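Structure assessment
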Amino acid sequence: MSALAKYLFDRGNKVMGYDKTPGPMTSQLIDLGISVIFDPSISALPEDYRREDTQIVYTPAVPNEHPQLKFFIENGNMVKKRAVVLGEVTKDTIVFAIAGTHGKTTTASFLTHFFAHLNLEFTAFLGGVMNEYQSNLVQKGNRYSIVEADEYDRSFLKLSPDFACITAMDADHLDIYGSHTNMKKAFDQFSELVKQKLVVAQGVGMQGISYAVDTKADYYAQDISLGENGYHFDLVTPKKIYRNVYLHALGRHNLSNAIGALAVLELGGIPLEKVLQALGTFKGIQRRMEVFSLENKMVIDDYAHHPEEIKAVLNTISEFYPNKRNMVVFQPHLFSRTQDFMNEFVDVLDQFDEVVLMDIYPAREQPIEGVTSDVLLDLMKNQNKRKISKEAFRTTILNSEADMVLVLGAGDIGNHIQKLKKTA
């Protein structure tokens, strides 16, 4: 939403918005001159925005009963979902769309990094802030667009992709889809929208040009070895083998994301030779395996909010830091997701040395009876566990005896860690 707001503002539109809570992104928008309010009441809307010619763009994360959204719908204003507007602003460009239940932001950011390295004319709308640009909107022209194709609420069916990549298709958003089967059907519909080439992660179970890590596919990494902050590997493509490539990123899931980005790039007609060296200069994304130091502790901040994503983080620290004692601070995201994957969350969280839970971040949802962080905590076998309040977040991390603290979740835990980073 914020990338779209910046894009529309930069094109001379008067833009304002509502958000539930302040954070670094809303502060950035306000600094740019975009008004942001945090009061959902109709009276909080400035008078000059209550006109009938005000166009409304909203995310499905906003509930239908939101007073301001209801006001504009009843008032007859033009009201569109974010995905519809994203489809409209990119339809006259060559669209590279990255879909999947995990890895969208990192894969799209790798692609953005490659396009920038090649000085191509493109605009990227990202779901995370690239460290290199301190932004989730990168504007360098309008020949190409790089977008994240979000499966939530079937949003990705509003796009017109020329080239696409599907990174993963694990069950998620069952509050929308009802079943994993229905979710897969939506991905099938998305694949039918792709005008030219579709790239899919090996094992996703869809037709397309495949990519993988340590498994044969159309594009894959082999002979992988650990570097100080990433991996050395050989890249095998249908055309040739590129030897001793270096990726500056932690985690085999991120190596997979990089291979997916390279595959869709080459299928888009862009030679790989000129971009492989750019893998070594990737500066990462905020809250995606982001490492920093705090009072002699290593802190890893990650957006992981699904059991498979937490598992990827756990595998990464096991690979790179096997001897460090760890503590995970996790804020579950959504009551429905916590309910759907309660046992899977228990299984993966139990594998950390120490577990700290925060209350579930509700986002758009109302509480579900019997679904709380306390219930999740009780189900865990790990005896080194506890729940904390938001107020205790800072002291919990600073006073921990762990060598490494992992901060995981997609809710406002991101705001807490940003504040803590400023003191690092």
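Summarised in this report is the structure supplied together with it. Being a predicted model, the structure only gives us computed values, none of them experimental.

Looking at the overall build of the protein chain
Scanning the protein chain from terminus to terminus reveals 14 helices and 20 strands. In terms of overall dimensions, the protein chain is globule-like: its C-alpha atoms have a radius of gyration of 21 Å, near the 22 Å expected for 424 residues. When its C-alpha atoms are laid out on the principal axes, the protein chain stretches across 60 × 55 × 45 Å. Within the protein chain, counting contacts between residues at least 6 apart in sequence, those at least 24 apart form 65% of the total. Split by element, the accessible area of the protein chain, about 18500 Å² in all, is 47% carbon and sulfur. The average position of the 44 basic charges and that of the 53 acidic charges among the side chains of the protein chain differ by 4 Å.

A short note on the side chain of Gln68
Considering the arrangement of structural elements, one finds Gln68 in helix H3 (residues 67–75). Look at Gln68 and you get buried, because its relative accessible area is 5%. In terms of polar contacts, Gln68 uses its side chain to reach the backbone carbonyl oxygen of Pro40, at 3.4 Å. Only 3.0 Å separates the side chain of Gln68 from the backbone oxygen of Ser41, close enough to count as a polar contact. When neighbours within four sequence positions are excluded, Gln68 is seen to be in contact with Tyr18, Ile37, Asp39, Pro40, Ser41, Ile42, Ala44 and Leu45.

Here we look at the nonpolar core
One finds Leu111, Phe114, Phe115, Phe233, Leu279 and Leu349 to be the most contacted residues of the largest nonpolar core, which totals 108 residues. Per-element tally for this core: the top contributor is helix H8 (residues 252–267), with nine residues. In this structure Leu279 touches Phe110, Phe114, Phe233, Val245, Tyr246, Leu247, His248, Ala258 and Leu262, once residues within four positions along its chain are discounted. One finds Met358, Phe393, Val407 and Ile417 within the second-largest nonpolar core, a separate group that totals 17 residues.

A short note on the side chain of Asn257
Here Asn257 is to be found in helix H8. Given the relative accessible area of 6%, Asn257 is considered buried.

Considering helix H11 (residues 342–349)
Three or more residues of H11 are buried, namely Met342, Phe345, Val346, Val348 and Leu349. On the buried face of H11, the contacting elements are helix H9 (307–320), strand E17 (326–330), helix H10 (335–340), strand E18 (354–357) and helix H12 (373–379).

Let's talk about the pattern of salt bridges
Using the criterion set out here, one finds 19 salt bridges in the structure. Residues Asp53 and Arg51 are paired through a salt bridge, measuring 2.7 Å at the closest nitrogen-oxygen approach. Asp234 serves as the salt-bridge partner of Arg243, at 3.1 Å between the closest nitrogen and oxygen. Residue class for Arg243 comes out exposed when judged on its relative accessible area of 56%. Residue Asp234 is classed as buried on the basis of its relative accessible area, which comes to 9%.

Section: the packing of aromatic side chains
Under the criterion given, the structure shown has 14 aromatic pairs. Ring centres of Phe110 and Phe282 lie 4.2 Å apart, and the angle between their planes is 35°; this geometry places the pair in the tilted category. Highlighted residues: Phe110 in helix H5 (residues 104–117) and Phe282 in the loop between H8 and strand E15 (290–294), separated in sequence by 172 residues. With respect to burial, Phe110 and Phe282 carry one shared label: buried. Taken together, a centroid distance of 5.5 Å and an interplanar angle of 70° make the contact between Phe115 and Phe122 edge-to-face. Through a chain of ring-to-ring contacts, the aromatic side chains of Phe96, Phe115, Phe122, Tyr144 and Phe163 assemble into a single cluster. For the cation-ring pair, Arg11 lies above Tyr7, with the distance from its terminal atom to the ring centre recorded as 3.7 Å.

Describing the pairing of strand E6 (residues 122–130)
Counting buried positions over the nine residues of E6 gives eight, a clear majority of the element. Bridge analysis of E6 against strand E8 (residues 144–149) gives four bridges, and the strand direction is parallel. The residue bridging Ala124 from the neighbouring strand is Ile146, located in E8. Inspection of the sheet shows E6 paired to strand E7 (residues 135–139) by four bridges, in the antiparallel sense. Residue Ala124 lies in a different strand from E7, and its bridge partner there is Val138. Counted between consecutive antiparallel strands, the loop separating E6 from E7 contains four residues, among which Gln134 sits at a positive phi close to 50°.

Here we look at the packing of H9 against H11
For any two helices packed against each other, one specifies the inter-axial angle together with the distance between the axes. Across the interface, H9 lies against H11 with an axial gap of 9 Å and an inter-helix angle of 10°. Considering the angle they form, H9 stands roughly parallel to H11. Listed contacts from H11 to Pro307, Ile310, Lys311 and Leu314 of H9 are Glu344, Phe345, Val348 and Leu349. For the contact of H9 with H11, the residue count by class is six nonpolar, no polar and two charged.

Some words on helix H14 (residues 413–421)
In terms of burial, H14 is a largely internal element, eight of the nine residues being buried. Here H14 has its buried residues at Ile413, Gly414, Asn415, His416, Ile417, Gln418, Leu420 and Lys421. Tucked into the core, H14 has its buried residues touching helix H2 (24–32), E15, strand E16 (297–302), E17, helix H13 (393–398) and strand E20 (404–408).

Here's the deal with the sheet that holds E18
If you walk across this open sheet you meet the six strands as E15-E16-E20-E17-E18-E19, and the pairing is mixed. Only two strands of the sheet have a single partner each, and these edge strands are E15 and strand E19 (385–387). Within this sheet the neighbouring strands show an average axis-to-axis angle of 20°, counted without direction. Both E18 and E19 contribute to a ladder of three bridges, which runs parallel. What sits directly across from Val356, in E19, is Arg386. Here H14 sits on the sheet and contacts E15, E16, E17 and E20; the angle it forms with E15, its principal contact strand, is near 45°.

About the cut-offs
Residues numbered from 1 in each chain as written. Predicted model: local features only at pLDDT ≥ 70, side-chain atom pairs only at ≥ 80, totals over all residues. Heavy atoms only, no water. Helix = DSSP H or I, 4+ residues; strand = E, 2+ residues; numbered from the N terminus. Rg over C-alpha atoms; globule rule 2.2 N^0.38 Å. Contact = heavy atoms within 4.5 Å. Areas by Shrake-Rupley, 256 points an atom, 1.4 Å probe, with all protein chains shown as cover. Lys, Arg positive; Asp, Glu negative; His and termini not counted. Charge placed at Lys NZ, Arg CZ, Asp CG, Glu CD. Buried < 20%, exposed > 50% of the residue type's maximum accessible area, 1.4 Å probe, protein only. Polar contact = N/O pair within 3.5 Å; in protein donor to acceptor, adjacent residues only side chain to side chain. Core = buried A, V, L, I, M, F, W, Y, C linked by side-chain atoms within 4.5 Å. Salt bridge = Lys/Arg side-chain N within 4 Å of Asp/Glu carboxyl O. Phe/Tyr/Trp six-rings, centres within 6.5 Å; stacked < 30°, edge-to-face > 60°. Lys NZ or Arg CZ within 6 Å of the ring centre and 35° of its normal. Pairing = 2+ DSSP bridges. Axes fitted to C-alpha atoms, helices over the stretch in contact; angles between N-to-C directions. Parallel < 35°, antiparallel > 145°, perpendicular 65-115°, else oblique. Nonpolar A, V, L, I, M, F, W, Y, C, P; charged D, E, K, R; others polar.

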